[in-house]
Amino acid sequence: MYFSLAWRNIWRNKKRSFITIASVFCAVFFALFMRSLQVGVFKNTVENMTSFSCGYIQVHAEGYQKLMSINNTFANTQQVIEQVETLPYVTHAVPRLESAVIAASDDKSEVALIVGVDPERENRMNGLSGRVRSGNYFSPEKQGVLIGEGLAENLGIGIGDEVVLLGQGYHGVTAAGSYTIIGILKYPVPEMNNRAIAMTISDAQVLFDAPDRATSLSVMLTDDKYTDRGRSEIEVMLGDTFEVFTWRTTLKELAQMVTTKYVSSWIILMILYMVVGFGIFGTVLMMTLERLREYGILIAIGMKKRLLMIISVCESIFLSLSGVVLGIAVALPALAWLHVHPFRLSGELAAMYEDFGFEPIIPFDISPLLFLAHPMIVLGISLVVSIYPVIRLASFNPVDALRSH
């Protein structure tokens, strides 16, 4: 009966109730749309950046992060990979053997970074084969190295030319060799583009005399939400001889950018919710003031104040709930469609995205938490707003109300 009374009361003034429900609907719809877009873009950015650098989680031998020395490598690479990939949320673990060398052509030399990769795993992680601008990717028929576009230009060499590498190998041995360039890479990171030379990890292990060793293991996950959990579990799994870092530690600038964007977006949403809160409060205030005489009569004939308070709270909740349900009903199918069919960029903007290693799309996220958090915030606002009629009724004097009308 009380729910029925509350529902009827909010339709006493249909125009006012429609305006309030419409404001709640707009707040929920735009909040879901904005957050879905922001979270989708942030996740896509993090996935792209981590896939070309450290992964969501990066595993090193103890002490490597501080010294960055090839002497701080770890052995039994395949065994470590198999251990890490037993975790259900790990999609793949990619080993790398990296170290600095001098790269030389006939008359020029540059400091270069050798990146020894597992061709198949690396390609699954970041689509490295798609970054080959000319020449070929690694294959049994094509033996050699891939060189960054900027480094190739600085050395004045190209496809089919020889590059001589000279550096220090494992435990001080001399690392030297001459390799044929089979492909030119366009890395999305300028530093890598100007310094990197990619070769198979087996060739890198031979060059540095470091058989079955790797400097890092980049771990990709099904979702960034498993990053902290994964770091803890991998630390326990591998023991004290390894150090494990998340991308937030390795890519601090990216982490700070994402955090800043999240905070700024929440500030905008809070302003939106404040406007909605005042809208609901205005409706509840008018409904309360218009019915003071009615309240006085009901209390005079024996109705308890407690029951009137319950009806008033239900009215506020019904108004908000109507707008919330309508907002979710409209936003959910629209965002689900955009999640499957994201906006695809074209022209110069698409080319710019591709140059930085990003797929030229604007993705949307549809995680369940998104559709739970924001409607709950609106319902929370309605409960806060309903405090006013409760306080008014608690100190209400029916005699004064009847006399004043």
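In case you missed it, the structure is sitting above this.
The rules behind these values
Residues numbered from 1 in each chain as written. Predicted model: local features only at pLDDT ≥ 70, side-chain atom pairs only at ≥ 80, totals over all residues. Heavy atoms only, no water. Salt bridge = Lys/Arg side-chain N within 4 Å of Asp/Glu carboxyl O. Helix = DSSP H or I, 4+ residues; strand = E, 2+ residues; numbered from the N terminus. Buried < 20%, exposed > 50% of the residue type's maximum accessible area, 1.4 Å probe, protein only. Pairing = 2+ DSSP bridges. Axes fitted to C-alpha atoms, helices over the stretch in contact; angles between N-to-C directions. Left-handed = near helix turned anticlockwise from the far one by under 90°. Contact = heavy atoms within 4.5 Å. Nonpolar A, V, L, I, M, F, W, Y, C, P; charged D, E, K, R; others polar. Expected span 1.5 Å × (residues − 1). Bend = angle between axes of the 7 residues up to and from the residue.

Where charged atoms from two side chains of opposite charge come close, those side chains can pair. Counted according to the given criterion, the structure contains nine salt bridges. Among the ionic pairs, Lys 43 bridges to Asp 365, the shortest N-O distance being 3.2 Å. One end of the pair, Lys 43, is in helix H2 (residues 14-52); the other, Asp 365, is in the loop between strand E12 (361-362) and helix H15 (368-385), with 322 residues separating them in the sequence. Look at Lys 43 and you get partly exposed, because its relative accessible area is 28%. For Asp 365, a relative accessible area of 9% corresponds to the buried category. Among the ionic contacts, a cluster of salt bridges with common partners joins Lys 43, Asp 223 and Asp 365.

A few words now on the pairing of strand E7 (residues 174-185). The pairing of strand E4 (residues 132-135) with E7 spans three bridges and is antiparallel. Its bridge partner being in E7, Ser 134 is matched across the sheet by Ile 184. With four bridges joining them, strand E5 (residues 145-148) and E7 adopt parallel strand pairing. Of the residues in E7, the one forming a bridge with Gly 148 is Leu 185.

Running from N to C, helix H11 (residues 252-290) and helix H13 (residues 305-340) point in directions that differ by 145 degrees, and their axes come no closer than 11 Å. Relative to H13, H11 is oriented so that their crossing is right-handed. Note on element contacts: H13 touches H11 through Glu 315, Ser 316, Leu 319 and Ser 320, opposite Ile 280, Thr 283, Val 284 and Met 287. Looking at the contact of H11 with H13 residue by residue, the class counts come to four nonpolar, three polar and one charged.

Now for H13. Between the first and last C-alpha of H13 there are 52 Å, a value that for 36 residues agrees with the 52 Å anticipated at 1.5 Å per step. Remark: the principal bend of H13, roughly 25 degrees, maps to Ala 331, with a proline, Pro 333, within the next four residues.

Following the sequence through the fold, Thr 246 ends up in strand E10 (residues 242-246). Residue Thr 246 is classed as buried on the basis of its relative accessible area of 6%.

Spatial relationships are all this shows, so hold off on functional conclusions.
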